[in-house]
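Letter by letter, the chains look like this.
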Amino acid sequence: MRVLRYLARRTMATDDSNCKLESFVTHNKKILGAGLNYMDIIKSRNLPIPEEPILFLKPSTSLIQEGQNIIIPKAFSKVAHEVELACVIGKRCKNVSKRSAMQFVGGYCLALDMTAQCSLQVARSKGMPWSLGKGFDTSTPVSRLFTPDEVQDPHKLELWLKVNGNIRQTGNTADMIFKIPDIIEYASRHMTLEPYDIILTGTPGGADPVAPGDIILCGMGDLVEMKFEVKAE
């Protein structure tokens, strides 16, 4: 039994130390999203401030990068953009404290959490999961990975998004209700986080529907801009 425990620890260390996070899109196993995590959305909807992070899961099949298109499924009539900061887990962790959480962050990226609002409205009204409205193919466009050294402070980043040249969303990660350590602490209390896992940290207000033919351009501070075309299925 001791030998098995030793081998398990050794394997875990090897997996973490050898992981190349630049390929996080290829190797991703799960995506966690934080809902209702900006104060402007809470105020605009007259909602109570959440006492704990509101988390949902998205499948890895929803990931795309520049050069690919966002495809609106036939089943949905109202799909909206949500620009977000995402962090990528660099080391396996479980039951970590908020104090130590940032040491498990391997990097960051800009992300879109494309959301079928038509599906979410029904799911929320019936107390059902958000999976269908959040997890469709191409619903998670992401940029390249940025190392922690490239992001001086992930909680002081400007986010913005334009559709066809018109500004739709502006915000700053300083306005997140639950910061990255809060989310990691809460998530790791309920599930193991592994290298390549992506955590979407929420979006500021202004998330509106898009239509086939629209061009989405979004950015994060001075670090990155990315562009996607929206097409119908």
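Definitions and cut-offs
- Residues numbered from 1 in each chain as written.
- Predicted model: local features only at pLDDT ≥ 70, side-chain atom pairs only at ≥ 80, totals over all residues.
- Heavy atoms only, no water.
- Helix = DSSP H or I, 4+ residues; strand = E, 2+ residues; numbered from the N terminus.
- Buried < 20%, exposed > 50% of the residue type's maximum accessible area, 1.4 Å probe, protein only.
- Contact = heavy atoms within 4.5 Å.
- Polar contact = N/O pair within 3.5 Å; in protein donor to acceptor, adjacent residues only side chain to side chain.
- Pairing = 2+ DSSP bridges.
- Axes fitted to C-alpha atoms, helices over the stretch in contact; angles between N-to-C directions.
- Core = buried A, V, L, I, M, F, W, Y, C linked by side-chain atoms within 4.5 Å.
- Salt bridge = Lys/Arg side-chain N within 4 Å of Asp/Glu carboxyl O.
- Phe/Tyr/Trp six-rings, centres within 6.5 Å; stacked < 30°, edge-to-face > 60°.
- Lys NZ or Arg CZ within 6 Å of the ring centre and 35° of its normal.

Colleague: Help me understand the environment of glutamate 84 in this model?
Modeller: Relative to the elements of secondary structure, glutamate 84 occurs in strand 6 (residues 83-89). According to the relative accessible area criterion, glutamate 84 is buried, its value standing at 1%. Counting along the chain gives 21 residues from glutamate 84 to valine 105, while the straight-line C-alpha distance between them is 16 Å. Apart from the residues within four sequence positions on either side, glutamate 84 is in contact with Cys109, Leu110, Ala111, Asp113, Leu159, Leu200, Thr201, Gly202 and Thr203. Here the side chain of glutamate 84 touches glycine 202 through a polar contact of 2.8 Å, landing on its backbone nitrogen.

Colleague: In this structure, what is going on with the pairing of strand 14 (residues 215-220)? I would like to understand it.
Modeller: Consecutive side chains along a regular strand alternate between the two faces of the sheet. Judged from the 5 bridges that link them, strand 10 (residues 158-163) and strand 14 form a sheet pairing that is antiparallel. Across the sheet, tryptophan 160 pairs through a bridge with glycine 219, a residue of strand 14. What sits between the antiparallel neighbours strand 14 and strand 15 (residues 224-232) is a turn of 3 residues, in which glycine 221 has the positive phi angle 55°.

Colleague: Teacher, can you tell me more about the pairing of strand 6 here?
Modeller: With 7 of 7 residues buried, strand 6 is to be regarded as a mostly interior element. Examined bridge by bridge, strand 6 and strand 7 (residues 105-112) share 7 bridges and lie antiparallel to one another. Bridging from a neighbouring strand, cysteine 87 pairs with tyrosine 108 of strand 7.

Colleague: Would you mind going over the sheet that holds strand 1 (residues 31-35) with me for this structure?
Modeller: What holds strands together in a sheet is hydrogen bonding between their backbones, with the strands either parallel or antiparallel. Strand order in the open sheet formed by 5 strands is 2-1-12-6-7, and the pairing between neighbours is mixed. In this open sheet, the two edge strands, each paired with only one partner strand, are strand 2 (54-58) and strand 7. For this sheet the average axis-to-axis angle between neighbouring strands, irrespective of direction, equals 25°.

Colleague: What am I meant to see in the nonpolar core here?
Modeller: In summary, soluble globular proteins display a tendency toward joint burial of nonpolar side chains. With 46 residues, the main nonpolar core has Leu112, Ile184 and Ile216 as its most contacted residues. Leave out the neighbours within four places in its chain, and isoleucine 184 touches Ile89, Val96, Ala101, Val105, Leu193 and Ile199. Cys19, Ala86, Val142 and Tyr196 belong to the second largest nonpolar core, which has 14 residues in total.

Colleague: What is the right way to read the pattern of salt bridges from this model?
Modeller: Oppositely charged side chains can form a pair if their charged atoms are brought close together. One pass over the structure, following the stated rule, counts 10 salt bridges. With a shortest N-O distance of 3.7 Å, lysine 29 and glutamate 194 are connected by a salt bridge. A residue pair is termed long-range when its members are at least 10 positions apart, and lysine 29 in the loop between helix 2 (24-27) and strand 1 and glutamate 194 in the loop between helix 6 (180-190) and strand 12 (198-200) qualify at 165 residues. Residue glutamate 194 is classed as buried on the basis of its relative accessible area of 17%. With a closest N to O distance of 3.4 Å, arginine 92 and glutamate 194 form a salt bridge. With a gap of 102 residues between them, arginine 92 in the loop between strand 6 and strand 7 and glutamate 194 in the loop between helix 6 and strand 12 connect regions that are remote in the sequence. A relative accessible area of 26% means that arginine 92 is categorised as partly exposed. Linked by salt bridges that have partners in common, Lys29, Lys30, Arg92, Glu194 and Asp197 make up one network.

Colleague: I'm lost on the sheet that holds strand 10 in this one. Help?
Modeller: Strand order across the open sheet formed by 5 strands is 4-15-14-10-11, with mixed pairing between neighbours. With one partner strand each, in any of the chains shown, strand 4 (70-72) and strand 11 (166-172) form the two edges of the open sheet. Strand-to-strand twist in this sheet, taken as the mean axis angle between neighbours without regard to direction, amounts to 20°.

Colleague: Where do I start with the packing of aromatic side chains in this structure?
Modeller: Tallying each qualifying case throughout the model produces 2 aromatic pairs. Aromatic side chains phenylalanine 56 and tryptophan 130 sit 5.5 Å apart centroid to centroid with 40° between the ring planes, which places their arrangement in the tilted category. Here tryptophan 130 lies in the loop between helix 4 (117-126) and helix 5 (131-134) and phenylalanine 56 lies in strand 2, a separation of 74 residues in the sequence. Given the relative accessible area of 8%, phenylalanine 56 is considered buried. Assessed through its relative accessible area of 17%, tryptophan 130 is described here as buried. The positively charged end of arginine 124 is found above the aromatic ring belonging to tryptophan 130, 4.8 Å away from the centroid. Lying across the ring of phenylalanine 146, arginine 144 places its NZ or CZ 3.9 Å from the centre.

So yeah, pure geometry; function would need other evidence.
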